[in-house]
Amino acid sequence: MFMADHNPRTSTTPILAVYDVTKIYEPPPRWLRPLIRTAASGPVPALRGVSLSVHSGEIVGLVGPNGAGKTTLIKLITTLLQPTAGQVSVDGYDADRQPYHVRDRIGLVLEGDQGLYGRMTGLQNLEFYGRLAGMGRTTARRRGTEVLAMLELTAQDKLVFGYSAGMKMRLSIGRAIMPDPPLLVLDEPTRSLDPVASRSTGRLFRELAETGRAILLSSHRLDEVLDVCSRLIAIVDGVVRFSGTARDLARTPADAARALSDLLETEPSSAP
Amino acid sequence: MTQALTRIAALTRRDLIIELSYHFQLMLRFSTVLLAVLMFFFLGRLMGRPEELSRYEGGYFEFALVGLLVMGYSQACVTAFGRSIQTAQADGTFEILLSTPTRLSTLMIGTLAVPMLFATIDAVVYIAFGWALVGFTAPLAGFAIAAMLLLLTVGTFAAIGILSATVIILTKRGDPFSSLVLQLSNLLAGAVFPIAVLPEWLQNFSYVVPAFYGLRGTRELLLAGGGVADVATDILVLVGFNLVLLPASLYALNRAIRMARITGTLGNR
């Protein structure tokens, strides 16, 4: 069964709108180059004319091979990068001109468990991020306890460095949903998880979407995105190669996975 | 404003939890403070009451204690930002922190609270030992003005710390300013010896070191019984340094982050 069949709740106004975004990594000014190491000496195009939208209640999967531009797109959306051209807006706020409003409306999970403090407990981590989002101490504690319960992380007083990879992942998601943002941006959140934990995380994403959140989920795992996401966006070489539902690709999930895999492996010039 | 304070409190609590979890490091830290006090105490016994310090009450030990106190705050301030950014880059929290609605200035102030707290504990230790070993006391009014001078001195060091953090954001490693500035301040500002012992041509450089005014003013207040009028020049000069250095350093930091957002090097390690 495709996700689109069991998560039909979407609204017409997108929470996330990306319009014709291009990102070229510019080298630093010449006078600073002796000090700043970058991967390449010249401009590196990472995204070209990317447009997409994610609505409330929707999980949109972002797929593509390594170096396709998925993480670049995520960092542009979350204001960590500045676009060379185009516009990103979140809940009506422009990411470049109103970054603090945008950050107020985004929960970000970046490459697994980034952002967690190992020498703090799960609850302390959540409280910390809750307070950075502007919550008072009591509210942050109450919300943190709620989130831990929701994520089934019962060992709330255990230090995070003692967590398993799956627990850290769930806590990272908890960190992202602490302020209850309308948009969740998840960059390969299940990369280090075993299949069971991965499926359980997928269920969690669906539950979060059912409460009205918009979710952009970047993943290498085609089975996961086909199972969890209501729409898919495939990026290859910084260009959107496919945007649509799994049903647009094939009738069954297995055929869709094959079609998607073929799509990602096809040379850009021979793409449909 | 309330939200900024909430965020500063959260950052302070985070740093406190983490710092207090390293028990051994904490023990070492306070052992170092005790050893420094004892070392300067015995050095003071050796030196007695040098002529260069004749205008101050007490001997060399009291003179050095004030130097340790001021430079302790300065060191905490100048190294806090860079260390915090390097740690955040290493443990992968830097980009996540920057993706929260917390302003950069709030992150900076929040980062400073725990190092300042520890410097205050050190200061209490210095004063307590000074009192216990040589009966060091200072007028309360002197302390109040000295606190203001200290704040101004710390402001200039904070600016240098922010510049240091700026370079770390761009280059990822290397804390180019802190150790250089601290060593120069120790040498030229008269942290643990009066600048009168320096060659005359070198003494001229002391006047461009902000710590010189902080140290001179604090000693005037705590060791020479001076009042506001006696340290007015020091206060004015430090205000000037703050007015120039703080906005300049914050501007440089913002530019560095902007550049890192363009080059894509913000999250690099």
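The shown structure was predicted, so the numbers you read here are calculated from the model rather than taken from an experiment.

Caption draft 1: Looking closely at the sheet that holds strand β6 (residues 106-110) of chain A. Residue and element names in this part refer to chain A. With respect to topology, 6 strands assemble into an open sheet ordered β6-β7-β8-β3-β9-β10, the strand pairing being mixed. Edge positions in the open sheet fall to β6 and β10 (239-244), since each of these has one partner strand only. Taking each pair of neighbouring strands and ignoring which way they run, the sheet shows an average axis angle of 15°. Relative to β10, strand β9 (residues 231-236) runs antiparallel, the two sharing 5 bridges. In the strand pairing of β10, A234 is matched with F242.

Caption draft 2: How the structure looks around the packing of aromatic side chains. Scanning the model with the defined rule gives 13 aromatic pairs over all chains in all. Ring centres of Y117(A) and Y129(A) lie 6.4 Å apart, and the angle between their planes is 20°; on these two criteria the pair is classed as stacked. In this pair, Y117(A) is assigned in the loop between β6 and α4 (122-132) and Y129(A) in helix α4, connecting sequence segments 12 residues apart. Note on Y129(A): relative accessible area 5%, which makes it buried. Look at Y207(B) and F212(B): their rings are 5.2 Å apart centre to centre, the planes differ by 80°, and that puts the pair in the edge-to-face class.

Caption draft 3: Molecular detail of the interface of chain A and chain B. Listed per partner, the contact involves 42 residues of chain A and 37 residues of chain B. Between chain A and chain B lies a buried interface of about 3600 Å² when both sides are counted; carbon and sulfur atoms form 59% of it. Considering only the side of chain A, the residues that lose the most area to chain B are Y100(A), R119(A) and L132(A), jointly responsible for 20% of the buried surface there. Among the salt bridges present, the one from R261(B) reaches D96(A), with a minimum N-O distance of 3.7 Å. Between the two partners, chain A and chain B, sit 13 residue pairs in polar contact (both at pLDDT 80 or more). Those elements that provide at least two residues to the side of chain A that touches chain B are β1 (14-25), α3 (99-104), β6, α4 and α5 (137-150) of chain A. Looking at side-chain class alone, the side of chain A that touches chain B contains 21 nonpolar, 8 polar and 13 charged residues.

Caption draft 4: Broad picture of the packing of helix α3 (residues 60-91) of chain B against helix α7 (residues 178-188) of chain B. Residue and element names in this part refer to chain B. Running from amino to carboxyl end, α3 crosses α7 at an angle of 165°, the nearest separation of the two axes being 10 Å. It follows from the interaxial angle that α3 and α7 lie roughly antiparallel. In terms of crossing hand, the pair formed by α3 and α7 is right-handed. Between α3 and α7, the residues in contact are M71, S74, Q75, V78 and T79 and S178, L182, S185 and N186, respectively. Taken together, the residues of the contact of α3 with α7 break down into 3 nonpolar, 6 polar and no charged.

Thresholds, definitions, all that
- Residues numbered from 1 in each chain as written.
- Chains lettered and ligands numbered in written order.
- Predicted model: local features only at pLDDT ≥ 70, side-chain atom pairs only at ≥ 80, totals over all residues.
- Heavy atoms only, no water.
- Pairing = 2+ DSSP bridges.
- Helix = DSSP H or I, 4+ residues; strand = E, 2+ residues; numbered from the N terminus.
- Axes fitted to C-alpha atoms, helices over the stretch in contact; angles between N-to-C directions.
- Phe/Tyr/Trp six-rings, centres within 6.5 Å; stacked < 30°, edge-to-face > 60°.
- Buried < 20%, exposed > 50% of the residue type's maximum accessible area, 1.4 Å probe, protein only.
- Contact = heavy atoms within 4.5 Å.
- Buried area = accessible area lost by both parts, 1.4 Å probe.
- Salt bridge = Lys/Arg side-chain N within 4 Å of Asp/Glu carboxyl O.
- Polar contact = N/O pair within 3.5 Å; in protein donor to acceptor, adjacent residues only side chain to side chain.
- Nonpolar A, V, L, I, M, F, W, Y, C, P; charged D, E, K, R; others polar.
- Parallel < 35°, antiparallel > 145°, perpendicular 65-115°, else oblique.
- Left-handed = near helix turned anticlockwise from the far one by under 90°.

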